[in-house]
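Chain by chain, the residues:
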Amino acid sequence: MTIYDRTDNYRAFYLKSKLSPKVYVGASLDHHFDERDTAEYYLEEIKRYRAMGCDGVKMLEGKMFFHRKLGKPLCDPVFDLFYGYCEEHKIPITLHLGDPIDNWDLSKMSEYAIKKGWYCSPEDPTREELRQEVYAVLDKFPKLHLIFAHFNFMGDELERAEALMEKVLSKLGDEETK
């Protein structure tokens, strides 16, 4: 199964250069899925993308099919230099974390989603474990500009979504008073 096309980032940078500097490009990390994926590699990658006009990062590494192939939690130290650079340079990261609730139950999933590998198996981290990975990242990099795509798939957990928003807003309030 192909997870992504390695040329997507470069095609986006090319289009931005031809169409308009107002076009927003959210690059994705490129992975080899082997020992070449080091903290230094990811740091050099984001630096190169930024030099090419990257405005932000789109992380699919939190989606089950990608998380499974990567074999590392989102809070793995291999990402620390990358997160630190994004935090320092205020590069926003749009993170896809987990999947819709139906993807945790094969009987509710579409055939298309199953073929794409978007299911969540008992061997995969739970929704809560994925969230704990992200909270560990935010504890280490509190000023990281992290955007939860699809509001973290919390549509079935409105009280929890509200608590998360209150936590974020309280941090914003703390920042404004500093």
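Above this text you will find the structure in question.
Some remarks on the sheet that holds strand β3 (residues 93-97)
Thinking step 1. On the basis of which strands lie adjacent, the open sheet formed by four strands has the order β1-β2-β3-β4 and parallel pairing. Unpaired on one side and paired on the other, β1 (26-27) and β4 (146-148) mark the two borders of the sheet.
Thinking step 2. Looking at chain direction, strand β2 (residues 56-62) and β3 are connected through four bridges and run parallel. Directly across from Gly 62, in β3, lies its bridge partner Leu 97.
Thinking step 3. Sheet contacts for helix α4 (residues 80-88): β2 and β3; angle to β2, the most-contacted strand, approximately 145°.
Thinking step 4. Seen against the sheet, helix α6 (residues 127-140) touches β2, β3 and β4 and runs at an angle of roughly 155° to β3.

Thoughts on unusual backbone geometry
Thinking step 1. Its identity is not glycine, yet Phe 33 carries a phi of approximately 60°, on the positive side.
Thinking step 2. By relative accessible area, Phe 33 is classed as partly exposed at 26%.
Thinking step 3. If you check the backbone angles, Lys 90 has positive phi at about 55° while not being a glycine.
Thinking step 4. Mapped onto the elements, Lys 90 comes out in the loop between α4 and β3.
Thinking step 5. We classify Lys 90 as exposed; its relative accessible area is 58%.

Focus on the side chain of Glu 45
Thinking step 1. Tracing the chain through its elements places Glu 45 in helix α2 (residues 39-51).
Thinking step 2. Among buried Asp, Glu, Lys and Arg side chains, Glu 45 stands out as unpaired, with Arg 48 the closest opposite charge at 4.3 Å.
Thinking step 3. If we skip the residues at most four places from it in the chain, Glu 45 touches Ser 28, Leu 29 and Asp 30.

Brief notes about α4
Thinking step 1. Those residues of α4 that sit buried are Asp 80, Phe 82, Tyr 83, Gly 84, Tyr 85 and Cys 86.
Thinking step 2. If you follow the buried residues of α4, they end up packed against α2, β2, β3 and α6.
Thinking step 3. Looking one or two residues past α4, Lys 90 carries a phi angle of roughly 55°, positive in sign.

What about the nonpolar core?
Thinking step 1. In this structure, Ile 46, Phe 82, Tyr 83 and Ile 93 are the most contacted members of the largest nonpolar core, which totals 38 residues.
Thinking step 2. Each residue touching Tyr 83, except ones within four places of it in the same chain, is listed here: Met 59, Leu 74, Ile 93, Val 137, Phe 141 and Leu 144.

Let's talk about the pairing of β2
Thinking step 1. Of all the seven residues making up β2, six are buried; the element is thus mostly covered by neighbouring parts of the structure.
Thinking step 2. Summarising the sheet, β1 and β2 pair through two bridges and their orientation is parallel. When the bridges of β2 are listed, Ala 27 appears paired with Val 57.
Thinking step 3. Chirality of the crossover, the property in question, places the unit of β1, α2 and β2 among those that are right-handed.

Re the side chain of Glu 133
Thinking step 1. Of note, Glu 133 is situated in helix α6.
Thinking step 2. No salt bridge forms around the buried Glu 133; measuring N to O, its nearest opposite-charge neighbour Arg 131 is 11 Å away.
Thinking step 3. What Glu 133 contacts, discounting residues up to four positions off in sequence, is His 67, Pro 73, Leu 74, Cys 75 and Pro 125.

Describing the packing of aromatic side chains
Thinking step 1. Tallying each qualifying case throughout the model produces eleven aromatic pairs.
Thinking step 2. When the centroid spacing of 5.5 Å and the interplanar angle of 50° are considered together, the rings of Phe 82 and Tyr 83 count as tilted. Comparing Phe 82 with Tyr 83, the two get one shared label, buried.
Thinking step 3. Arranged with centres 5.6 Å apart and planes meeting at 85°, the rings of Tyr 112 and Trp 118 form a pair that is edge-to-face.
Thinking step 4. Put simply, the rings of Tyr 41, Tyr 42, Phe 79, Phe 82, Tyr 83 and Phe 141 pair up and form one aromatic cluster.
Thinking step 5. The ring of Trp 118 is capped by Lys 63, whose NZ or CZ atom sits 5.7 Å from the centre of that ring.

Thresholds applied
Residues numbered from 1 in each chain as written. Predicted model: local features only at pLDDT ≥ 70, side-chain atom pairs only at ≥ 80, totals over all residues. Heavy atoms only, no water. Pairing = 2+ DSSP bridges. Helix = DSSP H or I, 4+ residues; strand = E, 2+ residues; numbered from the N terminus. Contact = heavy atoms within 4.5 Å. Axes fitted to C-alpha atoms, helices over the stretch in contact; angles between N-to-C directions. Buried < 20%, exposed > 50% of the residue type's maximum accessible area, 1.4 Å probe, protein only. Lys, Arg positive; Asp, Glu negative; His and termini not counted. Salt bridge = Lys/Arg side-chain N within 4 Å of Asp/Glu carboxyl O. Core = buried A, V, L, I, M, F, W, Y, C linked by side-chain atoms within 4.5 Å. Right-handed = clockwise from strand over helix to strand, strands pointing away. Phe/Tyr/Trp six-rings, centres within 6.5 Å; stacked < 30°, edge-to-face > 60°. Lys NZ or Arg CZ within 6 Å of the ring centre and 35° of its normal.

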